[in-house]
Amino acid sequence: MTAACVGSYRIVENARLDARNTFGVSATASMLVEVADAAALPELFGYAMLRDGPVLVLGGGSNLLFAGNPPGTVLALGGQQVRIVEDDGPRAIVRADAGVEWHALVLWTLGRGLGGLENLALIPGTVGAAPIQNIGAYGVEVRESIHVVEAFDRMLGKVVRLDSADCAFAYRDSRFKRDPDRHVVTAVEFALRRDAAPRLDYAGLRDELLAMGNDAATLDGARPSQVAEAVCRIRRRKLPDPAVLGNAGSFFKNPVVPASQAEGLQAAHPSLPAFRGNDGTTRKLSAAWLIDACGWKGFREGDAGVAASHALVLVNHGQASGAQLLELARRIAASVHERFGVHLEPEPRIIGATW
Ligand SMILES: Cc1cc2nc3c(=O)[nH]c(=O)nc-3n(C[C@H](O)[C@H](O)[C@H](O)COP(=O)(O)OP(=O)(O)OC[C@H]3O[C@@H](n4cnc5c(N)ncnc54)[C@H](O)[C@@H]3O)c2cc1C
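About the criteria used
Residues numbered from 1 in each chain as written. Predicted model: local features only at pLDDT ≥ 70, side-chain atom pairs only at ≥ 80, totals over all residues. Heavy atoms only, no water. Pairing = 2+ DSSP bridges. Helix = DSSP H or I, 4+ residues; strand = E, 2+ residues; numbered from the N terminus. Axes fitted to C-alpha atoms, helices over the stretch in contact; angles between N-to-C directions. Buried < 20%, exposed > 50% of the residue type's maximum accessible area, 1.4 Å probe, protein only. Near = heavy atom within 4 Å. Polar contact = N/O pair within 3.5 Å; in protein donor to acceptor, adjacent residues only side chain to side chain. Areas by Shrake-Rupley, 256 points an atom, 1.4 Å probe, with all protein chains shown as cover. Nonpolar A, V, L, I, M, F, W, Y, C, P; charged D, E, K, R; others polar. Contact = heavy atoms within 4.5 Å. Phe/Tyr/Trp six-rings, centres within 6.5 Å; stacked < 30°, edge-to-face > 60°. Lys NZ or Arg CZ within 6 Å of the ring centre and 35° of its normal. Salt bridge = Lys/Arg side-chain N within 4 Å of Asp/Glu carboxyl O.

Engineer: I keep staring at the sheet that holds strand E8 (residues 91-97) and nothing clicks. Help me out?
Structural biologist: Within a sheet, each strand pairs with its neighbour through backbone hydrogen bonds, oriented either parallel or antiparallel. Taking strand neighbours across the sheet as the criterion, the five strands line up as E7-E8-E13-E11-E12 in an open arrangement whose pairing is antiparallel. On the outer flanks of this sheet lie strand E7 (82-87) and strand E12 (158-163), each paired with one strand and no other. Adjacent strand axes in the sheet meet at a mean angle of 20°, parallel and antiparallel pairs treated alike. One ladder, built from six bridges, connects strand E11 (residues 146-153) with E12; its direction is antiparallel. Within E12, the residue paired with aspartate 153 across the bridge is lysine 158.

This is the structure in structure tokens:
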């Protein structure tokens, strides 16, 4: 490995990425560019290798699987600034650089009494990646709080500001995820409120707040920081910590199928959870239930496995390669399709192979 610093960026050749992905699998970038200040991006993308070659923007590596080495250049943004750019009392716009750790941002906003991100507490990764798959948890998606995404547009060769509609957010999806080679997100602005009502519709949140000693009569007035604490307690119980057991959270999206197909499946399997889609004609099925029903929970082959506590979470018990984890994921998806006729799609981005 050799490294060189040029102004606000640093270039590392043959950089190991093992500690830069939460699966903890081995991978090497032929060139890693660490960018301290996003203002350097127009200059960097003036070089042929970045302008014309493949570029992978890497955040915390918690939503990708290196099934092989990334082709081309890997770019990591380091900007760490968070600030309030507008404040009219009840509502404030918070701007955070792409390199800020997501949970640190959530804590920063809660410390200033701002609500909106509390249900998304403890999601690993960076601010820059949050809009990519429109992160969501406990009944809330980040798109509900996104005011503007600022990004370097590789096609236009300049920085653009995209509002929520421009980002075309959907369930674990956005225009960035569909067209991953176009934008490098440099900062995100969030519209947050000091008077927001807590969002407690997701199963288990109210019970957790009660277990924390809150009074049932006052739950609807719970502070955002209390909701965040409840979310953290549930997450720590349910999800393996990547620092202990390599994983990328949920490996599969919950499949969305026509309502008629969901009804047929539920008639045969009454315990299969299915949730109404926004348009009423589709249903979102529980991928965890489908995988569990095929007997995969706790499965292990070599060091590649499925978490014993959660059928959706693929885990690396130590030395599994990305290719072995991908192979296991394909077997799981094939068995679900064979038994239920439902296609599973991976949630993390697969690098170095196709799904
Ligand atoms: C234990 C665990 C729990 C999780 N729980 C959840 C959850 O509840 N909800 C949820 O939605 N996700 C969850 N995830 C997935 C993951 O944490 C999120 O998707 C997170 O936003 C990924 O951030 P990252 O910085 O690690 O992105 P990376 O994994 O580094 O990158 C993911 C994708 O975003 C792109 N990207 C990253 N940064 C940028 C940028 N600045 N500009 C352009 N593209 C960029 C990458 O190229 C890649 O395509 C979980 C993961 C783990 C390990």
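Moving on, there is more to tell.
Engineer: I'm lost on unusual backbone geometry in this one. Help?
Structural biologist: Backbone phi values are negative for most residues with the exception of glycine, while trans is the configuration of most peptide bonds. Positive phi, close to 50°, is recorded for tyrosine 138, a residue that is not glycine. Tracing the sequence through the fold places tyrosine 138 in the loop between strand E9 (136-137) and strand E10 (140-141). With phi around 50°, arginine 172 is a residue other than glycine that occupies positive phi space. The topology assignment puts arginine 172 in the loop between E12 and helix H4 (175-178). With relative accessibility at 14%, the residue arginine 172 sits in the buried group.

Engineer: What am I meant to see in the site of the ligand here?
Structural biologist: Near the ligand you find 34 residues, and of these Val57, Gly59, Ser62, Asn63 and Thr126 are the closest. Residue valine 57 places a main-chain N or O atom 2.6 Å away from an oxygen atom belonging to the ligand. Between the ligand and arginine 349, the relevant distance is 3.0 Å, taken from an oxygen atom to a side-chain nitrogen or oxygen of the residue. Protein chains shield 94% of the accessible area of the ligand, which is 980 Å² for the free molecule. Looking at the shell around the ligand, the elements that each hand over two or more residues are strand E4 (55-57), E9, strand E13 (183-193) and strand E14 (246-250). Residues that form the shell around the ligand fall into these classes: 16 nonpolar, 14 polar and four charged.

Engineer: Explanation requested: the environment of alanine 259 in the structure shown.
Structural biologist: The topology assignment puts alanine 259 in helix H7 (residues 259-268). Alanine 259 gets classed as buried once you look at its relative accessible area, which sits at 11%. Distance from alanine 259 to arginine 283, taken between C-alpha atoms, is 5.3 Å for residues 24 residues apart in sequence. In this structure, alanine 259 is in contact with Gly280, Thr281, Thr282 and Arg283, ignoring residues within four places of it in sequence.

Engineer: Is there a simple way to think about the packing of aromatic side chains in this case?
Structural biologist: Aromatic ring pairs are defined here through the distance separating the ring centres and the angle between the ring planes. In this structure the tally under the stated criterion is eight aromatic pairs. Plain terms: the ring middles of tryptophan 102 and phenylalanine 190 are 5.8 Å apart, the flat faces sit at 65° to each other, and that makes the pair edge-to-face. Here tryptophan 102 is found in helix H3 (residues 102-111), whereas its partner phenylalanine 190 is found in strand E13, with 88 residues between them in sequence. Comparing tryptophan 102 with phenylalanine 190, the two get one shared label, buried. Each member of the aromatic cluster is reached from another via a ring pair, and the members are Phe23, Phe251, Phe252 and Trp355. The positively charged end of lysine 284 is found above the aromatic ring belonging to tyrosine 171, 3.7 Å away from the centroid.

Engineer: Is there a simple way to think about the pattern of salt bridges in this case?
Structural biologist: Side-chain pairs of opposite charge can arise where the charged atoms are in close proximity. Tallying each qualifying case throughout the model produces 24 salt bridges. Note that arginine 143 and glutamate 141 form a salt bridge whose closest N and O atoms lie 2.9 Å from each other. On the basis of relative accessibility, which here comes to 29%, the residue arginine 143 falls in the partly exposed class. Exposure remark for glutamate 141: the relative accessible area of 14% places this residue in the buried category. Ionic pairing is found between arginine 161 and glutamate 150, a salt bridge with its closest N-O pair at 3.2 Å. Within this pair, whereas arginine 161 is found in strand E12, its partner glutamate 150 is found in strand E11, the two being separated by eleven residues in sequence. Residue classification places arginine 161 among the partly exposed positions, given a relative accessible area of 45%. In the salt-bridge network here, residues are joined through shared partners; they are Arg95, Glu150, Arg161 and Glu189.

Engineer: What should I look at first to understand the sheet that holds strand E16 (residues 274-276) in this one?
Structural biologist: One open sheet holds the three strands; their spatial order is E15-E17-E16, and the pairing between them is antiparallel. On the outer flanks of this sheet lie strand E15 (256-258) and E16, each paired with one strand and no other. Within this sheet the neighbouring strands show an average axis-to-axis angle of 40°, counted without direction. In the sheet, E15 pairs with strand E17 (residues 282-285) via three bridges, with the strands oriented antiparallel. Counterpart to valine 256 in the pairing with E17 is lysine 284. Docked against the sheet, H7 engages E15, E16 and E17, running at close to 95° with respect to E15.

Engineer: Could you clarify how one ought to interpret the pairing of strand E3 (residues 28-35) in this entry?
Structural biologist: On any regular strand, side chains alternate: one points to one face of the sheet, the next to the other face. Pairing of strand E2 (residues 9-16) with E3 involves seven bridges; the strand directions are antiparallel. Looking at the pairing, isoleucine 11 lines up with valine 33 of E3. Note that E3 and strand E6 (residues 73-77) share five bridges and pair parallel. Each residue of the ladder has a partner; that of valine 33, found in E6, is leucine 75.

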